[in-house]
Amino acid sequence: MRFGFTLSIALSVAIVLYVFISLFSPQTGLSGVSVVGDEVLLPLPTRVTSIPVEEAVLLRKSVREWARSPITISQLSMLLWASQGVVEEVDGWLRRAAPSAGATYPLEIYVIVGEEGVSLGDGSYVVAGVYKYDYKRHSMKLIREGDVREGLWRASLRQDWVREAPVSLVICAIYERTTWRYGERGVRYVHIEVGHVGQNIYLMSAALGLGTVAIGAFHDDEVAGVIKAQQREHPLYVFPVGVPQTPHETSFKELQELYSRLRR
Ligand SMILES: Cc1cc2nc3c(=O)[nH]c(=O)nc-3n(C[C@H](O)[C@H](O)[C@H](O)COP(=O)(O)O)c2cc1C
């Protein structure tokens, strides 16, 4: 009787410990990513391509057809870093990958991860859902679990490349961060800034052999609803990202031939 009681106590303690450990201990995959509770600590930025910037500019192209393939967590890490990641600390300030008027940094990035959209390199995938990028920790935090690509597609005027991409980045602006300093002109600055970030996403995608397309046509309120944006966050741009169905190939030789025709 007493033995049975002790055994059931021991079993309960073991179960509670197991649940606690699996919820809160980091799970480290092959790619250096760790998942702690609702936070995905991304692999730290590093040199992953051998494509010089001029080749990335040459290769940049809007892509709307994807291979049935996930992107990797390292690729997602590099895309997020290029969009809003930290590049340097100066006098206690964190400078980021894209310029910002008066370093007011009004932009926030949400990540929509589809089912089996981001591979962790060990045969498993990032849980499908909506995440928010934390630039300081270079991590993403789960906001909403589940594959919401259908909702994002509907909100984006049913553009199929949005539903079919394994991942989309949604860039939102908090205008007040810039307008408190610059007044109405701050609105212009925020819109210029989102273009800088968009170009970084295009160039990093090209360098990584991925494809993306800038999406400006969508219903703002619906996109905000899908990502559960906070009240002051206004969606400005959506970037579906994936492995292109057909790799884009071109060369400076071809370009030079084009220019010589154009100069005739
Ligand atoms: C502000 C802006 C909004 C855009 N919106 C969309 C869009 O909603 N859907 C889409 O398929 N492409 C969109 N594009 C992509 C353009 O169609 C594309 O950049 C253009 O056709 C030139 O092609 P390229 O990017 O391959 O050079 C947008 C581009 C910009 C700059």
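Residues numbered from 1 in each chain as written. Predicted model: local features only at pLDDT ≥ 70, side-chain atom pairs only at ≥ 80, totals over all residues.

### Some words on the nonpolar core
Move 1: Core analysis: the largest hydrophobic core is formed by 64 residues, its most contacted members being V111 and I171.
Move 2: Per element, the largest residue contribution to this core is nine residues, and it comes from helix α7 (residues 185-208).
Move 3: Beyond its immediate sequence surroundings of up to four residues, V111 is in contact with Y131, Y133, M140, V167 and L169. (Core = buried A, V, L, I, M, F, W, Y, C linked by C-beta atoms within 7 Å. Buried ≥ 20, exposed ≤ 12 C-beta atoms within 10 Å, placed from the backbone. Helix = DSSP H or I, 4+ residues; strand = E, 2+ residues; numbered from the N terminus. Contact = placed C-beta atoms within 7 Å.)

### Quick notes on helix α8 (residues 220-227)
Move 1: Of all the positions in α8, only V223, A224, V226 and I227 are classed as buried. For α8, the angular spread of buried residues about the axis comes to 160 degrees, placing them on one side.
Move 2: In this structure, the buried side of α8 is in contact with β7 (107-113), β9 (129-134), α4 (149-155), β11 (167-173) and β13 (234-242).
Move 3: Where α8 ends, the next residue or the one after it, K228, has phi of about 55 degrees, a positive value. (Arc of directions from axis to C-beta.)

### A short note on unusual backbone geometry
Move 1: Positive phi values are uncommon outside glycine, yet A103 reaches one of about 50 degrees.
Move 2: Among the secondary structure elements, A103 is positioned in the loop between β6 (93-96) and β7.
Move 3: Within the chain, H138 stands out as a residue other than glycine whose phi angle is a positive 45 degrees.
Move 4: Within the secondary structure, H138 is located in the loop between β9 and β10 (139-145).
Move 5: The class for H138 is partly exposed, based on 18 C-beta atoms found within 10 Å.

### Describing the pairing of β10
Move 1: Taken together, the three bridges between strand β3 (residues 39-41) and β10 define a ladder with antiparallel strand orientation. Pairing of E39 across the sheet is with K141, part of β10.
Move 2: Of the strand pairs in this sheet, β9 and β10 are connected by six bridges, and their pairing is antiparallel. Its bridge partner lying in β10, D134 is registered against S139.
Move 3: Turn length for the β9-β10 hairpin, with the two strands adjacent in sequence and antiparallel, is four residues, and the turn residue H138 shows positive phi of about 45 degrees. (Pairing = 2+ DSSP bridges.)

### Some remarks on the site of the ligand
Move 1: Neighbouring residues of the ligand: K61, S62, R64, Q159, V213, A214, I215, G216 and A217.
Move 2: Among the residues forming the shell around the ligand, the class breakdown is four nonpolar, three polar and two charged. (Near = placed C-beta within 6 Å. Nonpolar A, V, L, I, M, F, W, Y, C, P; charged D, E, K, R; others polar.)

### Things to note about the packing of helix α3 (residues 73-84) against α7
The axes of two packed helices give the description: the angle between them and the distance between them.
Move 1: Relative orientation of the contacting elements α3 and α7 amounts to 150 degrees, with a least axis distance of 8 Å. The orientation of α3 relative to α7 falls into the category roughly antiparallel. In the packing of α3 onto α7, the handedness of the crossing is right-handed. Packed against α3, whose contacting residues are Q75, M78, L79, A82, S83 and Q84, the element α7 presents V197, N200, I201, M204, S205 and L208 at the interface. (Axes fitted to C-alpha atoms, helices over the stretch in contact; angles between N-to-C directions. Parallel < 35°, antiparallel > 145°, perpendicular 65-115°, else oblique. Left-handed = near helix turned anticlockwise from the far one by under 90°.)

Nothing here speaks to function; it is all geometry.
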